[in-house]
Amino acid sequence: MELIEIVDENGNFTGQIIDKEEAHDKNLLHNEVATFIINDKNQVLLLKRSANKRFNPNKWALCAGHVDAYESLEDAILREIKEEVGLEISKDDLHQFGEREFTIRDSNSHITYFYYIRSNLNEKDFIIQKEELSEVKWFDIDEVIDMIKKNDNSIVFDEKRLKLFEQLRNI
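The model shown is predicted, which means the values in this text are computed figures rather than measured ones.

1. Examining the packing of aromatic side chains
Logical step 1: Within this structure, the stated rule accounts for seven aromatic pairs.
Logical step 2: Seen from their ring centres, F36 and F114 are 5.9 Å apart, and the 35° between their planes marks the pair as tilted. Separated by 78 residues along the polypeptide, F36 in strand β3 (residues 30–38) and F114 in strand β9 (residues 110–118) bring together distant segments of the chain. Exposure class is identical for F36 and F114. Each is buried.
Logical step 3: An angle of 70° between the planes, with centres 5.1 Å apart, marks the rings of W60 and F139 as edge-to-face. Separated by 79 residues along the polypeptide, W60 in strand β5 (residues 60–61) and F139 in strand β10 (residues 133–140) bring together distant segments of the chain. Like F139, W60 is buried.
Logical step 4: Taken together, the ring pairs in this structure connect F36, F97, F114, Y116, F157 and F165 into an aromatic cluster.

Here it is, written out as structure tokens:
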């Protein structure tokens, strides 16, 4: 059981703490974090979600996850980076990026807070969490932008993420 805190439409905690799956089933708003892992070649690391994921199976995505109950945003993203790709980084390596993003839909409504880190590891050097991911791959940022513009269904990103990837080119 993974407990998360429910937030209101302004991102304020409501005091309600429930299991993540129940929050999804009831479509209750909650916090998530996502990290752009970038290298010196102007590439972003994307993670292929495993086939058994409830949302967006077998699609390329960012390193991301839920914020556990009583966990800070920064601690959540440090935990997710370690769990999903095996990187141990400090808060000093973590940089806030962009504005929070509200995703309101029929299920899994959430607020995402974005960060970026730098890494120049080779793909084979990442230790991936097999339950969550099937592989990782470096993509040119411009390639991801083009995929978004073409509505490529192999990625989780849509037009609302386009601005973030365009800003990522300038970091």
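2. Thoughts on the confidence of the model for the chain
Logical step 1: Summing up the model confidence of the chain, the mean pLDDT is 94 and the portion of residues at 70 or higher is 100%.
Logical step 2: Averaged pLDDT values over the elements of the chain bottom out at 88 in strand β8 (residues 101–103) and peak at 98 in β5.

Rules behind the numbers
Residues numbered from 1 in each chain as written. Predicted model: local features only at pLDDT ≥ 70, side-chain atom pairs only at ≥ 80, totals over all residues. Heavy atoms only, no water. Phe/Tyr/Trp six-rings, centres within 6.5 Å; stacked < 30°, edge-to-face > 60°. Helix = DSSP H or I, 4+ residues; strand = E, 2+ residues; numbered from the N terminus. Buried < 20%, exposed > 50% of the residue type's maximum accessible area, 1.4 Å probe, protein only. pLDDT = per-residue confidence, 0-100.

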